[in-house]
Every structure is written in C-alpha cells, then in structure tokens.
Amino acid sequence: MQNTLDIAKAPKDTRVVVAMSGGVDSSVVAAVLKDEGYDVVGVTLQLYDHGAAIHRKGACCAGQDIYDARAVAERIGIPHYVLDYETRFRQEVIDRFVDSYVAGETPIPCVECNRRVKFRDLLSMARELGADVLATGHYVRSRPGPDGNRVLFRAADADRDQSYFLYATTQEQLNLLRFPLGHLASKAETRALAHRHGLEVAEKADSQDICFVPAGRYQELVEKLRPGAAETGAILHVDGRVLGRHDGVIGYTIGQRKGLGIASGEPLYVIRIDAGRKQLIVGPREALATRRVRLRDVNWIGEGGLHTLPAEGLEVAARVRSTRAPRPGLLRQVDGQLAVELLSAEEGVAPGQACVLYDGDGPCARVLGGGTIERAPAPAALAAA
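Residues numbered from 1 in each chain as written. Predicted model: local features only at pLDDT ≥ 70, side-chain atom pairs only at ≥ 80, totals over all residues. Heavy atoms only, no water.

(A) Local environment of the environment of Arg-375. Along the chain, Arg-375 falls in the loop between β17 (367-373) and α9 (380-383). By relative accessible area, which is 25% here, Arg-375 ends up partly exposed. Not counting chain neighbours up to four residues away, the residues in contact with Arg-375 comprise Ala-103, Gly-104, Glu-105, Arg-272, Ile-273 and Pro-351. (Helix = DSSP H or I, 4+ residues; strand = E, 2+ residues; numbered from the N terminus. Buried < 20%, exposed > 50% of the residue type's maximum accessible area, 1.4 Å probe, protein only. Contact = heavy atoms within 4.5 Å.)

(B) Structural detail: the nonpolar core. Of all hydrophobic cores here, the largest spans 50 residues; its most connected members are Phe-89 and Phe-212. Among the elements of the structure, β1 (15-19), β2 (39-46), α4 (86-102), α5 (109-128), α8 (218-225) and β16 (354-358) are those that each provide at least two residues to this core. Looking at this core, the element that brings in the most residues is α5, giving eight residues. In this structure, Val-24, Val-72, Ile-78 and Ala-202 belong to the second largest nonpolar core, which totals 29 residues. (Core = buried A, V, L, I, M, F, W, Y, C linked by side-chain atoms within 4.5 Å.)

(C) Molecular detail of the packing of aromatic side chains. The tally for this structure, following the rule as stated, stands at six aromatic pairs. Plain terms: the ring middles of Phe-97 and Tyr-101 are 5.2 Å apart, the flat faces sit at 65° to each other, and that makes the pair edge-to-face. One end of the pair is Phe-97 and the other is Tyr-101, both in helix α4 and four residues apart, which spans about a single turn. Look at Phe-97 and you get buried, because its relative accessible area is 2%. Both rings, one in Phe-97 and one in Phe-212, keep their centres 5.2 Å apart while their planes meet at 90°; by these two values the pair is edge-to-face. Taken as a pair, Phe-97 in helix α4 and Phe-212 in the loop between α7 (187-196) and α8 lie far apart in primary sequence, 115 residues in all. (Phe/Tyr/Trp six-rings, centres within 6.5 Å; stacked < 30°, edge-to-face > 60°.)

(D) Summary view of the sheet that holds strand β7 (residues 177-178). With respect to topology, five strands assemble into an open sheet ordered β3-β2-β1-β4-β7, the strand pairing being parallel. At either margin of the open sheet sits one strand with a lone partner, and together these are β3 (80-84) and β7. For β2 and β3, the ladder comprises five bridges, and the chain directions are parallel. From the neighbouring strand, Leu-45 faces β3, where its bridge partner is Leu-83. Strands in contact with α5 are β1, β2, β3, β4 (133-135) and β7; relative to β2, the strand with the most contacts, it is inclined by about 135°. (Pairing = 2+ DSSP bridges. Axes fitted to C-alpha atoms, helices over the stretch in contact; angles between N-to-C directions.)

(E) Looking closely at the pairing of strand β8 (residues 233-237). Burial analysis of β8 places five of its five residues in the buried class, the great majority of the element. The turn linking β8 back onto strand β9 (residues 242-246) is made up of four residues, and Gly-240 within it adopts a positive phi angle of 100°. Pairing geometry for β8 and strand β11 (residues 279-283), over three bridges, is parallel. From the neighbouring strand, Ile-235 faces β11, where its bridge partner is Leu-280.

(F) How the structure looks around the sheet that holds β17. Pairing within the closed barrel is antiparallel, and its six strands lie in the order β12-β15-β14-β13-β16-β17. On average, each strand axis in the sheet is tilted by 45° relative to the strand beside it, whichever way the strands run. By the bridge criterion, five bridges tie strand β12 (residues 289-300) to strand β15 (residues 337-347) in an arrangement that is antiparallel. By the bridge assignment, Thr-290 is partnered in β15 with Glu-346.

(G) Here's a closer look at the pattern of salt bridges. Counted according to the given criterion, the structure contains 31 salt bridges. A salt bridge links Arg-160 to Asp-206; its shortest N-O distance comes to 3.3 Å. With Arg-160 in the loop between β6 (150-154) and α6 (171-176) and Asp-206 in the loop between α7 and α8, the pair connects residues that are 46 residues apart, well separated along the chain. Here Asp-206 falls in the partly exposed class, since its relative accessible area comes to 28%. Among the salt bridges present, the one from Asp-161 reaches Arg-319, with a minimum N-O distance of 2.8 Å. Of this pair, Asp-161 sits in the loop between β6 and α6 while Arg-319 sits in strand β13 (residues 314-319), placing them 158 residues apart in sequence. For the residue pair Asp-161 and Arg-319, the accessibility class agrees, reading buried in each case. A single network of salt bridges, built from pairs that share partners, joins Asp-25, Arg-160, Lys-187, Arg-191 and Asp-206. (Salt bridge = Lys/Arg side-chain N within 4 Å of Asp/Glu carboxyl O.)

(H) Looking closely at the side chain of His-197. With respect to the helices and strands, the residue His-197 is situated in the loop between α7 and α8. Once you skip the residues sitting within four places of it in the chain, His-197 turns out to touch Ala-31, Val-32, Asp-35 and Arg-75.

(I) Layout of the packing of α4 against α8. Interhelical geometry of α4 versus α8 gives an angle of 105° and a closest axis separation of 10 Å. By the angle class used here, α4 and α8 are roughly perpendicular. Of the residues in α8, those in contact with Arg-90, Ile-94, Phe-97, Val-98, Tyr-101 and Val-102 of α4 are Tyr-218, Leu-221, Val-222 and Leu-225. Partitioning the contact of α4 with α8 into residue classes produces nine nonpolar, no polar and one charged. (Parallel < 35°, antiparallel > 145°, perpendicular 65-115°, else oblique. Nonpolar A, V, L, I, M, F, W, Y, C, P; charged D, E, K, R; others polar.)

Set out below in structure tokens:
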C-alpha cells in the first residue's frame, strides 16, 4: 500500500529530506511530514553572503534564515544540517545571471538555482543520506502517471503557483521530488498549519526579489563582477533614427518606459537590447507585440519526445512571464529551432526569460516543459544600421 508520498513503505520507514529555507512554506512541509510519522531530515543551503555584496560585515542573507530553519527543526524534533554551497551557487547561478545580463538578456536565477543546485546537488546529497524522496515547499503538484513516472501540474492556488520556475526539472529529478503544499487553496492555509504546529515562522514575510541582489540593485552587482560592462552606446528608434545615448544596456529591460532619458512626442518603450552593438532600441507600445517566441535549452517532460511533434504543431498554453497567465499557441519547429506561435500577441517578451508550456490554461494544468526565450532577429531598419 502506498503512503501519502506514493512510496510503498510505512511512513516510519520512509526517509524524507526536506529542503528548509527558513520560511513558513518549507517549515510547514517538515512539520506536517514529521507529524505523519515520516523519518524527516531537514537540510538548509548556505548559498550567498549579502555582506559581500553590500560591503557590510556580518550581513549574511542566510544568517536569520538558517537560524529560523534550525529553530523549526528543534521544535519538531528532527535532525538539521547546513550545507555550504556558496562556491557552487556562485559558479552555477550568480555568474550565469551576470553574464546573461551583460549579453542583453533578462535572466531568471531561480530557474538555474533549482536546475543546477537544489535539484541536482541536493538530490544527490539526499540519496547519500538514504532518503526515499526530497520534499520542498514549492506550490506545485505532482503525481504518478500511467507509466510510473511522475507528472508535474500547476498548483491548486493559481496565485501561488510556482511551476514557472520548475519547468527545467528533469524526469529523473521529478520522480524523486515531492511538493506537499501544491494542493492547498491559499497561503492562509499554510500559515494556519504553521500556527497549529507552533512554528515561530508562521507569520514570517515571504521573500521578495532575488536573494543575492540586495534591494534589487542588479546593475551594481553586474558592474562589480564584470567591470566595464556598463559601456555607453546609442539609443535608436525602431525605424533606425538615433535618439540619444544610454549609460549601459545592463540598466534596462524589455518593456521599460521610465528612465530612458530621451525626449519624445510619444511614449517610448525598450523594444530590443543589442549588447553586441551597445544599442538600446526603443519604440511605440505596439512594437512590443510578439507572436513568435523562439526557444533554446528546451526541457521536455510531456508525453513522448520532441521528435514526435506533429508538422502542424502541438497545441499548448505558453507562459512568457511568471506574472502572466498561460496563453494558447502552437509548439513547432521553425527554421530548425523550436518556437511557439502565439494565437494572440504578447507584449514585452524578453530574451533570457522562460517560456513555460502547459497542456491547458487552467489552474491545475500539466507542465509539459519549456525553454529559455531566444532573441528574435533584428528589424530590417536596424539590421542595416
């Protein structure tokens, strides 16, 4: 008989490593599983020292979180370990994030952290501890499919759904992962569970922004790690006209309107960033509209393989930003590259962001995979500039 984690063992004989961030979500996961009788081990990753970024001694971002995770572990009576992954995190997440910004993209470090650190190295460590599964506090759901492999779905609470950040999870990883909070209808239920278990983190605020960028100061981090990256260049209109100068493309994102530093009789938005030419391309809002989204580094966890895509394309729901709902489109091969043809245009599709694919646009849709959004070819007026 299967237990609640879909393992054919009694809970007491099932070892679960819980990735404990020090927040309320993962703390509740550990407490609930412990209460259900599982052999729970808590693990917290030391990933990054904020003090090194803001030049203030002792300002470690993980300090309070590690303390909170340890306090929860003591409260519920489970062993707790802290693993120093700072070097790996710097190489696999921070450096990639910075290089992507320098290339004129808008990266998502949370995807890389899950892909290259949490769900790779942490899973390896969980196996070394003899764990049957690794549980996290992500709001996403999974269950066994007809072939025995686990299938990933959006969370019941669409407002909390984190599937956008987990599309790069491989099938092998997914089979060993569990997400006990994915069925909850709201964050209020999670906090209620925390209170029920007497956890001091019950009302702890959710983390905001990117953990290793103090107060959202992306440009400062890029300039610190890649000196000289903020080189000046031309601001061009999409029709090829030169409108002014910028202080470095790393300070701008696709869709940005404010802070362009140019005078114009019409509202202008950042339409394209050409880091190679040090050019910032702006234009009217309608120029932000995109119908074709090209993908690279695609991860597929849907039925069959990508080689089985029908010539006319596969119907999918595509999500091009974490804050947007999935939109209908067709996944197909275009000039030898995977791309999504959206049925209605999206604005502000940014290279470096993820395009996550689902089998529908509902709150519990299946995650089929996704990829990194590739830069589209330059308009003719700019290609010759």
